[in-house]
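Listed here are the chains, written in short residue letters.
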Amino acid sequence: DGYAAQAHAACGPCALSSDWSYPNYKPGPSGVPMMPQVVGDWATPVPGSYKACLTMVGPDVETGSEVGKPWDPLGFSKLYDRNFDFNDNMTYPHVQWLREAELKHGRCAMLAIVGIFAQQSFHIDGYPEAPWYEALQKCYDNPQGIVGFGIAQISAFAMVIEGKYFPNDAWIGQMDREPGDLGFDPLKLAKDEATMKSMQLKELKNGRLAMMAFLSMFLGHFNAGSVPGVSALPRESAPAQGATFCGATPASSSEAGMSKTAARYTTQTILPSLAWIKTGVKASELQPTELKALTLAGNDVLIGKTEAGALFCVGNLCPHIGTPMSEGADVIGDVIVCPLHGSSFKVTTGELIDWCVSPPIIGPLTGLIVDKKNLLIFECRQGGFLGSGEVEVLVDTNAKKAYEAGYWKGLLDAQGKDD
């Protein structure tokens, strides 16, 4: 109604109906109002992006939002309608164009994920043998025989589809077909409207999952250890060791020339053994809010001072996904803030204050996959005469051995062995 009132004031009589009217746009070279001439003539833009979003399949299913209320925290579906409040130039796309892009990216990602795992499982004669991240480049470097035929086939198919089903007017919500509808249903899966909506929702959800999976594969390869689990996939060679958030997979014992498990490992239950360990750091050497990471008897600890100058010691690894707090954490008062996702904890008690609050959208989503936990706290003191000596921390000297014992026991249990 606000758009109608504004349009009436701007251009007088309604041009499209008795209830709605739109501003008179300055005509372009072909007489079409303020629209780029990409392919053919463009239709007249009209508001209604958010209303169109309400009628689409799946904008409210991923987060359990209220039915009919899309999950759109950044308001992308409303940006198009803002064009009519500014200078009538269609800067932002209609939700129809956004859905077309989402479906296309989802389909490409589903094909990519299948291709990644298929390439690691079997090989087609004539194609070069290469890891998935180099396979396409290898094909373009040697386009002979079946390889050249495959490249030509894929390129021709893409040109035909992109040409025949070019989303003309989707940017302004005037496309003559439903987003993603390429008229391809050889198995007649969409028998009726209900089945069609069900299949559309399945494709949308699988496409979104595939996009996340492909991004994980990409990041897991080029930043080894950044995505838990991805480093377990086959690799051509061990990645270069560097600073990673979750650690890198070590070389196997066979690669190190070891024929059997080293004797220092055990599967027995290891009880805690607490001891005060000197850190080699004096409290006077630490400034307020300054942090220093140490490894004491296998424990990753972080000593520092609050803004008021009080000494503290906490676990260096964030309980979310093991991010080192020493890599940019902030100390605000007596609170420490994780540098990756903004989780904050009391340094005196380890109590959780905020869980994964940044960056917007991504942070809260990553927080859903891990249960909320408090930060590990260590007792610390100043040794020496009247506290003038090194900082000492009370740690479990058997922590590393106990962790490894649980690992080896689980490994042997999986093999049906006792020890």
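Definitions and limits used
Residues numbered from 1 in each chain as written. Predicted model: local features only at pLDDT ≥ 70, side-chain atom pairs only at ≥ 80, totals over all residues. Heavy atoms only, no water. UniProt positions renumbered as here; feature names shortened; annotations may be inferred. Helix = DSSP H or I, 4+ residues; strand = E, 2+ residues; numbered from the N terminus. Contact = heavy atoms within 4.5 Å. Core = buried A, V, L, I, M, F, W, Y, C linked by side-chain atoms within 4.5 Å. Buried < 20%, exposed > 50% of the residue type's maximum accessible area, 1.4 Å probe, protein only. Pairing = 2+ DSSP bridges. Axes fitted to C-alpha atoms, helices over the stretch in contact; angles between N-to-C directions. Expected span 1.5 Å × (residues − 1). Arc of directions from axis to C-beta. Parallel < 35°, antiparallel > 145°, perpendicular 65-115°, else oblique. Left-handed = near helix turned anticlockwise from the far one by under 90°. Polar contact = N/O pair within 3.5 Å; in protein donor to acceptor, adjacent residues only side chain to side chain.

Going by an unreviewed UniProt entry, the protein chain carries the name Chloroplastic (FCP) and comes from Durusdinium trenchii. Taken directly from UniProt, the Subcellular location (unreviewed entry) text for the protein chain runs: "Plastid, Chloroplast".

Visitor: Which residues make up the environment of Gly342, and what values do they have?
Guide: Position of Gly342 relative to the elements: it lies in the loop between strand E6 (335–337) and strand E7 (344–346). Residues Gly342 and Cys356, spaced 14 residues apart in sequence, show a C-alpha to C-alpha distance of 5.4 Å. Beyond its immediate sequence surroundings of up to four residues, Gly342 is in contact with Val337, Asp354, Val357 and Ser358.

Visitor: Any chance you could break down the nonpolar core for me, citing the residues and the numbers?
Guide: Soluble, globular proteins show a tendency: their nonpolar side chains are buried together. Core analysis: the largest hydrophobic core is formed by 16 residues, its most contacted members being Val314, Met325, Ile336, Phe345, Trp355 and Leu375. Residues in contact with Val314, not counting those within four places in the same chain, are Asp300, Val301, Leu302, Val347, Leu375, Leu376, Ile377 and Phe378. If you look at the next biggest cluster of nonpolar residues, it comprises 10 residues, including Val281, Leu294, Val301 and Phe378.

Visitor: Residue-level account of the sheet that holds strand E10 (residues 390–396), with values.
Guide: Spatially, 3 strands are ordered E1-E10-E9 in an open sheet, and the strand pairing comes out antiparallel. The sheet terminates laterally at strand E1 (274–282) and strand E9 (380–382), the two strands that pair on one side only. Across the sheet, the axes of successive neighbouring strands diverge by a mean angle of 30 degrees, strand direction being ignored. Two strands pair when backbone bridges link them, and E9 and E10 are joined in this way by 3 bridges, in the antiparallel orientation. Bridged to Gln382 within E10 is Val391.

Visitor: Just give me the short version of helix H6 (residues 146–164), but keep the residues and values in it.
Guide: Given a rise of 1.5 Å per residue, 19 residues ought to cover 27 Å, and the 27 Å separating the end C-alpha atoms of H6 matches this to within 8%. Taken as a whole, H6 has its buried residues at Val147, Gly150 and Ile151. Buried residues in H6, looked at end-on, bunch into an arc of 100 degrees, giving them a common side. Set apart from the buried face of H6 by more than 90 degrees, the exposed residues are Phe149, Phe157, Met159, Val160, Gly163 and Lys164. Next to the buried residues of H6 lie helix H5 (132–141).

Visitor: Could you give me a rundown of the packing of helix H4 (residues 95–121) against helix H7 (residues 193–222), with the residues and numbers involved?
Guide: In a pair of packed helices, the angle between the axes and the distance between the axes together describe the arrangement. In the contact formed by H4 and H7, the axes pass within 7 Å of each other and the chain directions differ by 60 degrees. On the basis of their axis angle, the class for H4 and H7 is oblique. In the packing of H4 onto H7, the handedness of the crossing is left-handed. Here Arg99, Glu102, Leu103, His105, Gly106, Arg107, Ala109, Met110, Ala112, Ile113 and Ile116 of H4 lie close against H7, whose contacting residues are Glu203, Leu204, Asn206, Gly207, Arg208, Ala210, Met211, Ala213, Phe214 and Met217.

Visitor: A description of the sheet that holds E7 should follow, citing residues and the corresponding values.
Guide: Strand order across the open sheet formed by 4 strands is E5-E6-E7-E8, with antiparallel pairing between neighbours. Every interior strand has two partners, whereas the edge strands, strand E5 (330–332) and strand E8 (352–354), have only one. Sheet twist, expressed as the mean angle between neighbouring strand axes with direction ignored, is 30 degrees. With 3 bridges joining them, E5 and E6 adopt antiparallel strand pairing. The residue of E6 that forms the bridge with Val331 is Ile336.

Visitor: Please set out the side chain of Arg177 residue by residue, giving values where relevant.
Guide: With respect to the helices and strands, the residue Arg177 is situated in the loop between H6 and H7. Of note is the side chain of Arg177, whose polar atom sits 2.6 Å from the backbone oxygen of Tyr165.

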